[in-house]
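# Fold and geometry: a report
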Amino acid sequence: MDATMKHDAALDVDQVENAGQHGPDRIHGVRMPDLIARLSGEERDQLERHLRRKIDFRLLPMVICMYILNYIDRNNIAAARLAGLEEDLNLNSSGTQFSTAVSILFVGYILMQVPSNLLLNKMGKPGVYLPACMAVWGIISAATAAAQSFGGLLACRFFLGFVEAAYFPGCLYYLSCWYTRKELGVRTTYMYAGSLISGAFSGLISAGITGNLDGARGLRAWRWLFLIEGVITVAVAIAAVFVLPNFPRTTPWLSKEEVAMAVWRLEHDIGEDDWVNSEEQTFFQGFKSALKDAKMWVLLAIMFGNVSAASITNFFPTVVSTLNYSKVKTLLLTAPPYVLGVLTMLLNAWHADRTGERFWHVSLPLCLAIATFIIAAATTNVAARYVSIMLMIPGLYSGYTTALAWISNTLPRPPAKRAAALGFINAVSNAPAIYTSYLYPSTAAPRYEAAFIHNCLMAVMSIVAAGVLRMMLARLNKKLDRGEPVEGAVNAAPGEAVEHGFRFLL
């Protein structure tokens, strides 16, 4: 770990006890609340470890479970395609109507993300807001089982995307209100691991339903798929209301000392307090501030390229079906790449947080993804294609969560700006899903050359943008070293960021 990153590790007892000119109850010039200032360094360290474990236990399992279901409900249409959806709804044989049903979800998804995140920040009750949205999208997902036409399917998909938009950017913002920058990368990865786990589970669940419930009680397998998964989502949403807290200042199951530590450690990490109350959170100032920050646009380019290249996941069963196995075997073969992706993503995020490095942990996995796209487009050999398919998911997603954490690392405060940036970046980066759905028509099988060339170019764009951001942040860190004010880096006064130990992560 390099010297500039040591400030972001767990609270250093020596810093507290030898704070020098800042006084014994300060770290980097940040005053500790009296409740924790009176504790010894060892007691403070123990309190923080206990608090972190308590937060992890309360937040992460439910957040991960919710995201698994979020992703399953969004992408189960790919498995439904193999379970008779196109035949029952009389969709055209070219696949364009199916592609439209996939892409229409992202229209609603894009429209709602920024307003939803700003509303969440204003309300200050994510423990209620996120489960409520989950219950609604679960109902819509289950209702898709009743679709009788192409129009009915489109309506369900649009409103599903509109409501699902609240969860992912909202959850990123939610986690950033509980964890320090150093902790955020691996926690974001734990959450996003849910999407890859869902890919594995979805294939297995779909295989089970397709093989055993097709025709049960007069319903085709694809209808059972939407119905069962939607009902499970609603049940989990009800449980989440009783599990998830809101923000540290408003959480009743934390003691006064734990509340003080939860708030102060975020203040120590950045140099200012986070969410205080709804009156201090403004909808439009945060959004305007985010739009004016050049760093946000470079972060957008990184995410746009990565998500565009990853659009293949919306058609993953279709791509795997080019190996020419049975429908059930095809669904089973979609699971191993996601399992491998979870492992590589966790390892990459752990190492990124341990070293405090971001650029290489984002870029190198994308280089692997480019290689897999080239192989898949160049050959129809079954062994070579499945090897490339196995490595596609790790290549696309191992660095993705590190890039997500890089957003909160780079645009940490004020909270309204961070919320707006997360919502805007996630919304715009998902816009390509509207057109990438048309890159995988049935007529392009099995090589899908146009799709894979597109994915390569998008991955290259993401890598280049990550390099530009690294150079920008390196220059800003040099300005901080010279004591010059930098926006978003605790610049209430020149040199204050240096006192607080803030540095942008590269």
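Use the structure listed above.
Because the structure is a prediction, the values reported are computed rather than measured.

### Topic: the overall build of the protein chain
Looking only at helices and strands, the protein chain features 23 helices and two strands. Across the 506 residues that make up the protein chain, the buried fraction comes to 59%. Restricting to contacts in the protein chain with at least 6 residues of sequence separation, those with at least 24 account for 81%. Of the roughly 18,600 Å² of accessible surface on the protein chain, 65% is carried by carbon and sulfur atoms.

### Remarks on the nonpolar core
Within the largest apolar cluster, 144 residues are counted, with the highest numbers of intra-cluster contacts made by M66, L85, F168, Y192, I302, Y397 and W406. Sort the elements by how many residues they give to this core and helix 3 (residues 41-82) lands first, with 15 residues. Discounting residues that sit within four places of it in the chain, F168 has contacts with Y67, Y109, M191, Y192, Y400, L404 and N426.

### Focus: the packing of helix 6 (residues 126-143) against helix 7 (residues 150-164)
Contact geometry of helix 6 with helix 7 gives a least axis separation of 9 Å together with a crossing angle of 165°. Judged on the interaxial angle alone, helix 7 and helix 6 are roughly antiparallel. The handedness of the crossing between helix 6 and helix 7 is left-handed. Judged by residue contacts, C133, V136, W137, I140, S141 and A143 of helix 6 engage C156, F159, L160, V163 and E164 from helix 7. Taken together, the residues of the contact of helix 6 with helix 7 break down into nine nonpolar, one polar and one charged.

### Digging into the packing of aromatic side chains
In this structure the tally under the stated criterion is 19 aromatic pairs. Arranged with centres 5.2 Å apart and planes meeting at 80°, the rings of F158 and F159 form a pair that is edge-to-face. The class of F158 is partly exposed, set by a relative accessible area of 23%. Residues Y397 and Y400 carry aromatic rings whose centres are separated by 5.9 Å and whose planes lie at 90° to one another, so their mutual orientation is edge-to-face. The buried category is assigned to Y397, whose relative accessible area is 4%. Under the relative-accessibility criterion, Y400 is labelled buried at 4%. Chaining the aromatic ring pairs together yields one cluster made of Y67, Y71, W137, Y167 and F168.

### Some details on a nonpolar patch on the surface
A cluster of nonpolar side chains, contributed by F201, L204, I205, V328 and L332, occupies part of the molecular surface with about 390 Å² of accessible area. At three residues, the largest contribution of residues to the nonpolar patch is made by helix 9 (residues 181-212). Relative to the helices and strands, L332 is located in helix 15 (residues 327-333). Overall, L332 belongs to the partly exposed group, its relative accessible area being 39%.

### Topic: helix 3
Because an α-helix packs 3.6 residues into every turn, residues spaced three or four apart end up facing the same way. Taking 1.5 Å per residue as the helical rise, helix 3 with its 42 residues ought to reach 62 Å, and the 60 Å between its terminal C-alpha atoms agrees with that figure. Remark: the principal bend of helix 3, roughly 45°, maps to N75. G84 lies just past helix 3 and shows a positive phi near 105°.

### Topic: unusual backbone geometry
Of the consecutive residues A445 and P446, the connecting peptide bond is found in the cis state with omega at 0°. In this structure, P446 sits in the loop between helix 21 (433-436) and helix 22 (449-481). One non-glycine residue, R217, adopts positive backbone phi at about 55°. Looking at where R217 falls in the secondary structure, it is placed in the loop between helix 9 and helix 10 (221-241). Here the phi dihedral of N324 falls at roughly 70°; this positive angle occurs in a residue that is not glycine. As for its position among the elements, N324 is in the loop between helix 14 (316-320) and helix 15.

### Overview of the pattern of salt bridges
Scanning the entire structure with this criterion turns up 15 salt bridges. Among the salt bridges present, the one from R49 reaches D45, with a minimum N-O distance of 2.3 Å. Here D45 and R49 lie together in helix 3, a separation of four residues that amounts to about one turn. Across the salt bridge formed by E48 and R265, the nearest N and O atoms sit 3.0 Å from each other. Here R265 lies in helix 11 (residues 256-270) and E48 lies in helix 3, a separation of 217 residues in the sequence. Residue classification places R265 among the buried residues on the basis of a relative accessible area of 1%. Each of the salt bridges in this network shares a partner with another, and the network as a whole consists of E48, R52, E183 and R265.

### Examining the side chain of R265
Within the local environment of R265, its side chain forms a polar contact with the side chain of E183, the two groups lying 2.8 Å apart. Ignoring any residue separated from it by four or fewer positions in sequence, one finds R265 in contact with E48, L51, R52, W178, Y179, T180 and E183.

Procedures and definitions
Residues numbered from 1 in each chain as written. Predicted model: local features only at pLDDT ≥ 70, side-chain atom pairs only at ≥ 80, totals over all residues. Heavy atoms only, no water. Helix = DSSP H or I, 4+ residues; strand = E, 2+ residues; numbered from the N terminus. Buried < 20%, exposed > 50% of the residue type's maximum accessible area, 1.4 Å probe, protein only. Contact = heavy atoms within 4.5 Å. Areas by Shrake-Rupley, 256 points an atom, 1.4 Å probe, with all protein chains shown as cover. Core = buried A, V, L, I, M, F, W, Y, C linked by side-chain atoms within 4.5 Å. Axes fitted to C-alpha atoms, helices over the stretch in contact; angles between N-to-C directions. Parallel < 35°, antiparallel > 145°, perpendicular 65-115°, else oblique. Left-handed = near helix turned anticlockwise from the far one by under 90°. Nonpolar A, V, L, I, M, F, W, Y, C, P; charged D, E, K, R; others polar. Phe/Tyr/Trp six-rings, centres within 6.5 Å; stacked < 30°, edge-to-face > 60°. Patch = residues over 30% accessible without salt bridge, like charges linked within 9 Å, V, L, I, M, F, W, Y side chains within 5 Å. Salt bridge = Lys/Arg side-chain N within 4 Å of Asp/Glu carboxyl O. Expected span 1.5 Å × (residues − 1). Bend = angle between axes of the 7 residues up to and from the residue. Polar contact = N/O pair within 3.5 Å; in protein donor to acceptor, adjacent residues only side chain to side chain.

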